[in-house]
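Here is how the chains run, residue by residue.
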Amino acid sequence: DPFNTQTITGTIGGAPSFVDNFGGAGAINAGINFQAGTDYVTYPLANNFSILFGTIEMIYVPGAATDQVLWTLYTGATEYWRLWYDSSVGKFKFDMRTPSTTTVITSANGLSLVGQPHYLAISWDFDNAYLSVNGEDRVSASKNTITLPSTIRIGSFGGNTLPAKGTIDELIVWNRDVGEDYVQAVYNNSRYKRAFGRPVPGVLMYADYNFSVDAIGAGPKVFTYSNVANPIDIGDYLIVDMEKQTVYFWDTSAKT
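None of these values were measured; they are calculated from a predicted model.

Thresholds applied
Residues numbered from 1 in each chain as written. Predicted model: local features only at pLDDT ≥ 70, side-chain atom pairs only at ≥ 80, totals over all residues. Heavy atoms only, no water. pLDDT = per-residue confidence, 0-100. Contact = heavy atoms within 4.5 Å. Phe/Tyr/Trp six-rings, centres within 6.5 Å; stacked < 30°, edge-to-face > 60°. Helix = DSSP H or I, 4+ residues; strand = E, 2+ residues; numbered from the N terminus. Buried < 20%, exposed > 50% of the residue type's maximum accessible area, 1.4 Å probe, protein only. Lys NZ or Arg CZ within 6 Å of the ring centre and 35° of its normal. Salt bridge = Lys/Arg side-chain N within 4 Å of Asp/Glu carboxyl O. Pairing = 2+ DSSP bridges. Axes fitted to C-alpha atoms, helices over the stretch in contact; angles between N-to-C directions.

(A) Inspection of the confidence of the model for the chain at higher detail. Per-residue confidence for the chain gives a mean pLDDT of 83, with 84% of residues at or over 70. This model gives residues 212-219 a pLDDT under 50, and the stretch forms 10 contacts once residues within four places in sequence are excluded.

(B) Representation of the packing of aromatic side chains in the model. Inspection of the entire model under this criterion finds 10 aromatic pairs. On the basis of an interplanar angle of 55 degrees and a centroid distance of 6.0 Å, the ring pair of F49 and W124 is categorised as tilted. Note that F49 is positioned in the loop between β4 (40-44) and β5 (54-62) and W124 in strand β10 (residues 118-124), a separation of 75 residues in sequence. Taken individually, F49 and W124 each receive the classification buried, so the pair is uniform in this respect. Judged by centre distance (5.5 Å) and plane angle (75 degrees), the ring pair of W81 and F94 falls under edge-to-face. Remark: F94 occurs in strand β8 (residues 91-97) and W81 occurs in strand β7 (residues 79-86); sequence separation between them is 13 residues. Here the two residues W81 and F94 agree in accessibility, since each one is buried. The side chain of R138 reaches across the aromatic face of Y130, ending 4.0 Å from its centre.

(C) Main features of the pattern of salt bridges. Across all of its chains, the model carries 3 salt bridges by this definition. The closest approach of N and O atoms between D86 and K93, which form a salt bridge, is 2.8 Å. Here the two residues D86 and K93 agree in accessibility, since each one is buried. Here R138 and D177 are joined by a salt bridge, their closest N and O atoms 2.9 Å apart. One end of the pair, R138, is in the loop between β11 (128-133) and β12 (139-142); the other, D177, is in the loop between β14 (166-174) and α1 (180-190), with 39 residues separating them in the sequence. Residue D177 is classed as partly exposed on the basis of its relative accessible area of 23%.

(D) Expanded view of the sheet that holds β7. If you walk across this open sheet you meet the 7 strands as β1-β4-β13-β6-β7-β8-β9, and the pairing is antiparallel. Here the strands that pair on one side only, and so sit at the sheet edges, are β1 (11-13) and β9 (102-110). The mean angle between the axes of side-by-side strands here comes to 20 degrees, regardless of whether they run parallel or antiparallel. In this structure, strand β6 (residues 68-76) lies alongside strand β13 (residues 151-155), joined through 2 bridges in antiparallel fashion. Across the sheet, the residue bridging to W71 is I154, located in β13.

(E) Summary view of the pairing of β12. As paired strands, β11 and β12 are joined by 4 bridges and run antiparallel to one another. Across the sheet, residue L131 finds its bridge partner in β12, namely V139. In textbook terms, the turn of a hairpin is the stretch between consecutive antiparallel strands, and for β11 and β12 this stretch comprises 5 residues, one of which, N134, has a positive phi near 55 degrees.

(F) Main features of the side chain of R82. Relative to the assigned elements, R82 resides in strand β7. For R82, the residues in contact, after removing those within four places along its chain, are V69, W71, T72, K93, F94, D95, F157 and L162.

(G) Structural context of unusual backbone geometry. Even without being a glycine, L162 presents a positive backbone phi close to 50 degrees. Mapped onto the elements of the fold, L162 is located in the loop between β13 and β14. Unusually for a residue other than glycine, K165 sits at a positive phi of about 50 degrees. Position of K165 relative to the elements: it lies in the loop between β13 and β14.

As structure tokens, this is what we get:
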């Protein structure tokens, strides 16, 4: 039901830090920085998450050009899906491993610059899986189906190895393949500024990490307005943006 929402509580492993204004000139409001192999966040998979159809997208700002894992559906050491960066070839890869078969999709685009935002999207349908980096044409291969684990893990690999070594933001999980056109449109037109504002059909989980300051216990925000220098008149507005933690004042008479 697109008009009902629920809170999905993640579990933090290690000590990943919340950061603000990263990705060059404050391009992204906030995110979670993963450094050590023990740094990760897991989320329980909703009942309607399916290994048959879906999409997982995120914004990633690499902190190094070393091997690193961004997210994993980890059933066991010989059965998992994982999105990672392979420094030996300078490309992102999506591994689908079962005890009998391993299929790897390698991106056309690699890691451009350390410290710069990258948009990564994995999609899958009944037969195939798809990988796109920074809006490139999707690279595909036949899908290997795994036993669905109970959680999705953001950050290091399932055995506390291969840390993400960077900042992750805008994690979105869908219950369908969103299509290549959607992926290219997000990268070209609206990346870094995604704010659904209301539930969207097909979105199972949306983690923008923009409430990071409160999340680590810094306490409530207090806004105090002095009605002297810029008095509020009838027709004026104060707009409180909780997501950006910002207050705007609209002066109707001055039209500013």
